[in-house]
Amino acid sequence: QVQLVESGGGLVQTGGSLRLSCAASGSIFSINDMGWYRQAPGNQRELVAVISSGGSRKNADSVKGRFGISRDNAKNTVYLQMNSLKPEDTAVYYCYAYDSRDRTGYWGQGTQVTVSS
């Protein structure tokens with residue numbers, strides 16, 4: 001089992017920045033990909049960014065040039081730096097981790113990000 005705990009959400013004005021953190025604990029030795037998804041009211045959960053254990057990154061087109069994902073393997077933590085935030089970035093942001101050994105995805109509890117216009 002893997003436990004994920006997110007932090008760093010909140011309320012920010014348009015153009016502002018936030019940094020989300022997600023710390024993994026438990027059976028973490030076979031975690032490969034870690035990433036962030038988001039879900040706005042009435043919408044499906046969508047990929048924001050993902051990073052592999054080797055550092056390969058993928059960002060959604062909607063956040064390219066504004067958001068950056070990074071990872072500290074020593075701390076078992078993944079970060080999402082969000083700059084130039086827009087009202088359409090408002091959503092609950094979920095941390096995700098994929099365990100390649102048991103082929104299971106794990107989710108955090110979610111953290112609210114609200115961008116005011």
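About the thresholds
- The numbers attached to residues start from 1 for each chain and follow its sequence in the written order.
- For this predicted model, a pLDDT threshold of at least 70 governs which residues receive local features, and a threshold of 80 or more governs which side-chain atom pairs are given and counted, while totals over whole chains, interfaces and linings are taken from all residues.
- Side-chain measures here rest on the full set of heavy atoms in the structure, leaving out hydrogens and waters.
- Helix and strand assignments come from DSSP, with helices taken as H or I runs of at least 4 residues and strands as E runs of at least 2, each series counted from the N terminus.
- Think of it in three bands: residues with accessible area under 20% of the maximum for their type are buried, residues over 50% are exposed, and the middle band is partly exposed, with areas taken using a 1.4 Å probe on protein chains only.
- Two residues form a contact once any of their heavy atoms are found within 4.5 Å.
- Residue-level accessible areas treat just the shown protein chains as cover; the underlying method is Shrake-Rupley with a 1.4 Å probe.
- Note that His is not counted, nor are the chain ends; the positive residues are Lys and Arg, and the negative ones are Asp and Glu.
- Where a charge lies is defined by one atom per residue type: Lys uses NZ, Arg uses CZ, Asp uses CG and Glu uses CD.
- Each pair of strands is called paired provided DSSP finds at least two bridges between the two strands.
- Angular values range over 0 to 180 degrees, each being the angle between N-to-C directions of two axes fitted as lines to C-alpha atoms, with helices fitted over their stretch in contact.
- Pairing of aromatic side chains here covers Phe, Tyr and the six-membered ring of Trp, requires ring centres within 6.5 Å, and sorts the geometry by plane angle: under 30 degrees stacked, over 60 edge-to-face, intermediate tilted.
- As a reminder, the over-ring test applies to NZ of lysine and CZ of arginine, requiring each to be within 6 Å of the ring centre and within 35 degrees of the ring normal.
- The term polar contact refers here to a pair of N or O atoms within 3.5 Å; inside protein, the definition further demands a hydrogen-donor-capable atom paired with an acceptor-capable atom, and it admits residues adjacent in sequence only when both atoms are side-chain atoms.

1. Digging into the overall build of the protein chain
Part 1: On a plain count of helices and strands, the protein chain comes out with zero helices and 11 strands.
Part 2: Secondary structure elements in the protein chain, listed N-terminal to C-terminal, are β-β-β-β-β-β-β-β-β-β-β.
Part 3: With respect to the principal axes defined by its C-alpha atoms, the protein chain has extents near 45 × 25 × 20 Å.
Part 4: The buried share of the protein chain, taken over its 117 residues, is 43%.
Part 5: The long-range fraction of contacts in the protein chain, counting pairs at least 24 apart against all pairs at least 6 apart in sequence, stands at 53%.
Part 6: By element, 46% of the accessible surface of the protein chain is carried by carbon and sulfur atoms, the whole surface being about 6100 Å².
Part 7: Looking at charge distribution, the protein chain has the averaged site of its 12 positive side-chain charges lying 3 Å from that of its 9 negative ones.

2. Comments concerning the sheet that holds strand 8 (residues 77-82)
Part 1: If you walk across this open sheet you meet the four strands as 1-3-8-7, and the pairing is antiparallel. Across the chains shown, the open sheet's two edge strands, defined by having one partner strand only, are strand 1 (2-7) and strand 7 (67-72). Direction aside, neighbouring strands of the sheet carry axes that sit 15 degrees apart on average.
Part 2: Direction of pairing for strand 7 relative to strand 8: antiparallel, over a ladder of six bridges. For Ser70, the partnering residue across the bridge sits in strand 8 and is Tyr79.

3. Things to note about the packing of aromatic side chains
Part 1: Counted by the stated rule, this structure contains four aromatic pairs.
Part 2: Geometrically, the ring pair formed by Tyr37 and Tyr96 is edge-to-face, given 5.6 Å between the ring centres and 65 degrees between the ring planes. A residue pair is termed long-range when its members are at least 10 positions apart, and Tyr37 in strand 4 (residues 31-39) and Tyr96 in strand 9 (residues 91-99) qualify at 59 residues.
Part 3: On the accessibility criterion, Tyr96 (17% relative accessible area) is buried.
Part 4: Ring plane angle 90 degrees and centroid distance 6.5 Å describe the contact between Tyr94 and Trp107, whose orientation is recorded as edge-to-face. Here Tyr94 is found in strand 9, whereas its partner Trp107 is found in strand 10 (residues 104-107), with 13 residues between them in sequence.
Part 5: Cluster of aromatic residues (ring-pair linked, three or more members): Tyr37, Tyr94, Tyr96 and Trp107.
Part 6: Across from the ring centre of Tyr79, 4.1 Å away, lies the NZ or CZ of Arg19, which sits over that ring.
Part 7: The lysine or arginine in question, Arg45, covers the ring of Trp107, its NZ or CZ lying 4.6 Å from the ring centre.

4. Let's talk about the environment of Glu46
Part 1: Position of Glu46 relative to the elements: it lies in strand 5 (residues 46-51).
Part 2: When sequence neighbours within four positions are dropped, the list of residues in contact with Glu46 reads Tyr37 and Arg38.
Part 3: Of note is the side chain of Glu46, whose polar atom sits 2.7 Å from the side chain of Arg38.

That is the geometry; function is a separate question.
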